[in-house]
Amino acid sequence: MNNRNVLLFVVGSMILLGGQFWLTSRYAKPVPKVETQQPAPAAPKAAEAPAAAVAAPIATQPAEGVKAADPALTHTLAAGELTLTWQVSTGALKQAVWHQDGTRFFPDAFPGIGALKGAGFETVREERGPTGTAVIFENTGGERLSYLVPAQGHNLKVEATSPRNAPLQLILNPVTLEPVKHLGRVFTLTEKGIEAVTWTDMLSDPFFSFVGAKRKVLPPSSERLGLDAGLGKDDKPQQNHYFAALWKLPRLAGRDTAGYELLPQNGRLEASLYLGPKQAEHLLAFEKPFTQVIDYGFFGAVAHLLFWILKKVHALVGNWGWAIVIFTVIIRLATWHLNTKQTISMLRMKDFEPHQKALQAKYDKFGGDMTKKAEMQKELMALYKKNGHNPMGGCLPMLLQMPIFLALWSMLNAVFELRHAPFFGWITDLSAKDPYYIFPVLMGASMFAQQYITPAVGDPAQRKMMLVLMPAMMTFFFAQSPAGLTIYYFVFNMIGLFQTWWIMRSYQPQPIEV
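Residues numbered from 1 in each chain as written. Predicted model: local features only at pLDDT ≥ 70, side-chain atom pairs only at ≥ 80, totals over all residues. Heavy atoms only, no water.

**What to know about the overall build of the protein**
Stage number 1. When you go through the protein residue by residue, the secondary structure sums to 11 helices and 17 strands.
Stage number 2. Per-residue burial over the protein gives 46% buried out of 514 residues.
Stage number 3. Taking the contacts inside the protein whose residues are at least 6 apart along the sequence as the reference set, 66% of them involve residues at least 24 apart. (Helix = DSSP H or I, 4+ residues; strand = E, 2+ residues; numbered from the N terminus. Buried < 20%, exposed > 50% of the residue type's maximum accessible area, 1.4 Å probe, protein only. Contact = heavy atoms within 4.5 Å.)

This is the structure we're talking about:
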């Protein structure tokens, strides 16, 4: 591959990354507008809800004589792996906390999910049974909302009775970003796919609004919907969200600008709510389409296969860090032949270099004449063909491996199993960056060493620049990446370094037939 093209690619990538960081810092967190949230319309549009669901009028005010509890009053229940907190007056689930590490699912200003619209509950009580604990909200108007929380697991059963035919507010769409800050996406799902939009894209003006770009809207309605959950440490912004709040409904949800609602039938409704990690086995038990909330990236099928292999290795060694090391060895051995062909092709190009320079010198006198340049290129290709060499042989194996690399990148960034998983020593969380940047530096050094011993053709000055520029850029990039991903690439480079050394040690230059 032409070194000049590689240099332009690297410089261009650095400019794009710098531009992205600048735009993110400047436009990703707009100052919230001072607005008052408007009440949701009484019912969704007719196109968004079945006719049977809207047969009865929907009341938006509590029944006469109902005295709702203080809005500041909450009710908390610890069950299984979660501690759940509701607002008593509305029955809205305001917070869920993961027992294992204290991760909060939602920001403090989050409006909650599962409120019965305009109910004004007065009391709350608990009923314990063989399948779990029911948290029941009631008022004197005959309205009732209950959450059946299982002793083990993440699937809650939600039921409501309302003489007013009030809907269940599934997910509210706030008017500012603050109530859903750092929550990622809201999505709806079908058997065939997922429709997802980030809260930032819906609640912030796009950068290109001056040329007509519009804010995005809530995804189309579905019987399955939800949102990313789980805040980062100290509520800092995060790239990956390892938890989700998911609704499974008996019929299509109503949708309007205020969010999603489940309309009752004859004053009654029921739904299922999942609150837990994005783990395939748990999501599959809830319902298969919900496994799509795990974002494996563009090469999802490849990522699924690679994660299956990684889980099998982990079952043998019992540590996710060592599983990644062994998994890297497996991947490197599987691509050994391709990498060997790539290195040999580069060595072979080195053999052609004197003849290539001779041809260039032959045509230098014609300057920038494009016709003569085409003749030179044709003569060079004839030389390659005569000696049975494919000049693309050094690039093709690398391109064939790109789906594997990209799938691994997405997979190691997305899977819940690596979250807070320790390796050894200072690596206590494979999903977080290396706190002392040791592995990023080692990865950069291994990349430098591999490039140093790898044969290359072209301008020596450009080669020296690339020798330093590429490892430095990748070290900077991996310094902010999950430790598990950095360990993978470090081990991958070390095996590649050994492979390159071994091939060069045994390679015998072949004569060029002119």
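**Describing the pairing of strand 10 (residues 168-172)**
Stage number 1. Most of strand 10 is tucked away, with 5 of its 5 residues classed as buried.
Stage number 2. Of the strand pairs in this sheet, strand 5 (residues 115-116) and strand 10 are connected by 2 bridges, and their pairing is antiparallel. Its bridge partner being in strand 10, Leu116 is matched across the sheet by Leu168. (Pairing = 2+ DSSP bridges.)

**Focus: the side chain of Asn165**
Stage number 1. Of note, Asn165 is situated in the loop between strand 9 (155-161) and strand 10.
Stage number 2. Separated by 2.9 Å, the side chain of Asn165 and the backbone nitrogen of Gly267 make a polar contact. (Polar contact = N/O pair within 3.5 Å; in protein donor to acceptor, adjacent residues only side chain to side chain.)

**Overview of the environment of Gly484**
Stage number 1. Tracing the sequence through the fold places Gly484 in helix 11 (residues 483-506).
Stage number 2. For the pair Gly484 and Phe423, spaced 61 residues apart in the sequence, the C-alpha separation amounts to 8.7 Å.
Stage number 3. For Gly484, the contacting residues outside a window of four places in its chain are Ile324, Leu412 and Leu430.

**With respect to the nonpolar core**
Stage number 1. In this structure, Trp199, Trp247 and Leu275 are the most contacted members of the largest nonpolar core, which totals 55 residues.
Stage number 2. Considering each element in turn, this core owes the most residues, 4 residues, to strand 17 (residues 268-277).
Stage number 3. Formed by 45 residues, the second largest nonpolar core is a distinct cluster that contains Leu306, Phe405, Tyr489 and Ile495. (Core = buried A, V, L, I, M, F, W, Y, C linked by side-chain atoms within 4.5 Å.)

**Focus on the sheet that holds strand 12 (residues 194-198)**
Stage number 1. As summarised here, the arrangement of the 9 strands in space is 6-7-8-9-17-14-13-11-12, forming an open sheet in which the pairing is antiparallel. Edge strands, defined here as strands with exactly one partner in the open sheet, are strand 6 (123-129) and strand 12. Averaged over all pairs of adjacent strands, the angle between their axes in this sheet comes to 20°, without regard to strand direction.
Stage number 2. Here 5 bridges tie strand 8 (residues 144-150) to strand 9, and the two strands are oriented antiparallel to one another. Among the inter-strand pairings, Leu145 is bridged to a residue of strand 9, identified as Ala160. (Axes fitted to C-alpha atoms, helices over the stretch in contact; angles between N-to-C directions.)

**Side note on the sheet that holds strand 10**
Stage number 1. The 4 strands are arranged 5-10-16-15 in an open sheet whose pairing can be described as antiparallel. Of all strands in the sheet, those with a lone pairing partner are strand 5 and strand 15 (254-256), marking the two edges.
Stage number 2. By the bridge criterion, 3 bridges tie strand 15 to strand 16 (residues 259-262) in an arrangement that is antiparallel. Paired with Asp256 across the bridge in strand 16 is Gly259.

**Examining the packing of aromatic side chains**
Stage number 1. In the structure shown here, the tally under the stated rule is 31 aromatic pairs.
Stage number 2. On the basis of an interplanar angle of 40° and a centroid distance of 5.9 Å, the ring pair of Phe121 and Phe137 is categorised as tilted. Of this pair, Phe121 sits in the loop between strand 5 and strand 6 while Phe137 sits in strand 7 (residues 132-138), and the two are 16 residues apart along the sequence. In this pair, the class of Phe121 matches that of Phe137, namely buried.
Stage number 3. Residues Phe477 and Phe478 carry aromatic rings whose centres are separated by 5.8 Å and whose planes lie at 90° to one another, so their mutual orientation is edge-to-face.
Stage number 4. Classification of Phe477 as partly exposed rests on a relative accessible area of 33%.
Stage number 5. The residue whose ring lies beneath Arg332 is Phe492, and the NZ or CZ to ring-centre distance is 4.1 Å. (Phe/Tyr/Trp six-rings, centres within 6.5 Å; stacked < 30°, edge-to-face > 60°. Lys NZ or Arg CZ within 6 Å of the ring centre and 35° of its normal.)

**A closer look at helix 5 (residues 320-334)**
Stage number 1. Its 15 residues place the ends of helix 5 20 Å apart at the C-alpha level, agreeing with the 21 Å of an ideal helix rising 1.5 Å per residue.
Stage number 2. Among all positions in helix 5, only Trp320, Gly321, Ala323, Ile324, Val325, Phe327, Thr328, Ile331 and Arg332 are buried. (Expected span 1.5 Å × (residues − 1).)

**Side note on the side chain of Glu261**
Stage number 1. Mapped onto the fold, Glu261 is located in strand 16.
Stage number 2. There is a polar contact of 3.0 Å between the side chain of Glu261 and the side chain of Lys117.

**Observations concerning the pairing of strand 14 (residues 243-248)**
Stage number 1. A large share of strand 14 lies buried, amounting to 5 of its 6 residues.
Stage number 2. Note that strand 13 (residues 224-229) and strand 14 share 6 bridges and pair antiparallel. By the bridge assignment for strand 14, Leu225 is matched with Trp247.
Stage number 3. Judged from the 6 bridges that link them, strand 14 and strand 17 form a sheet pairing that is antiparallel. Each residue of the ladder has a partner; that of Ala244, found in strand 17, is Gly276.

**Considerations on the environment of Pro163**
Stage number 1. Positionally, Pro163 belongs in the loop between strand 9 and strand 10.
Stage number 2. Through-space distance from the C-alpha of Pro163 to that of Gly142 is 6.8 Å; in sequence the pair is 21 residues apart.
Stage number 3. Not counting the four nearest positions on each side in its chain, Pro163 is found in contact with Gly141, Gly142 and Glu143.

**What to know about a nonpolar patch on the surface**
Stage number 1. Taken together, the side chains of Leu316, Val317, Trp322, Ile326, Ile330 and Phe424 present a nonpolar region at the surface, about 570 Å² in accessible area.
Stage number 2. Put simply, the parts of the chain that give the nonpolar patch at least two residues each are helix 4 (300-317) and helix 5.
Stage number 3. It is helix 5 that contributes the most residues to the nonpolar patch, 3 residues altogether.
Stage number 4. Note that Phe424 resides in the loop between helix 8 (396-414) and helix 9 (438-453).
Stage number 5. With relative accessibility at 37%, the residue Phe424 sits in the partly exposed group. (Patch = residues over 30% accessible without salt bridge, like charges linked within 9 Å, V, L, I, M, F, W, Y side chains within 5 Å. Areas by Shrake-Rupley, 256 points an atom, 1.4 Å probe, with all protein chains shown as cover. Salt bridge = Lys/Arg side-chain N within 4 Å of Asp/Glu carboxyl O.)

**Considerations on unusual backbone geometry**
Stage number 1. One non-glycine residue, Asn165, lies in positive phi territory at about 65°.
Stage number 2. With a phi close to 60°, His420 is a non-glycine residue in the positive phi region.
Stage number 3. For His420, the location among the structural elements is in the loop between helix 8 and helix 9.
Stage number 4. Look at His420 and you get partly exposed, because its relative accessible area is 37%.

Geometric descriptors of this kind do not, in isolation, establish any biological role.
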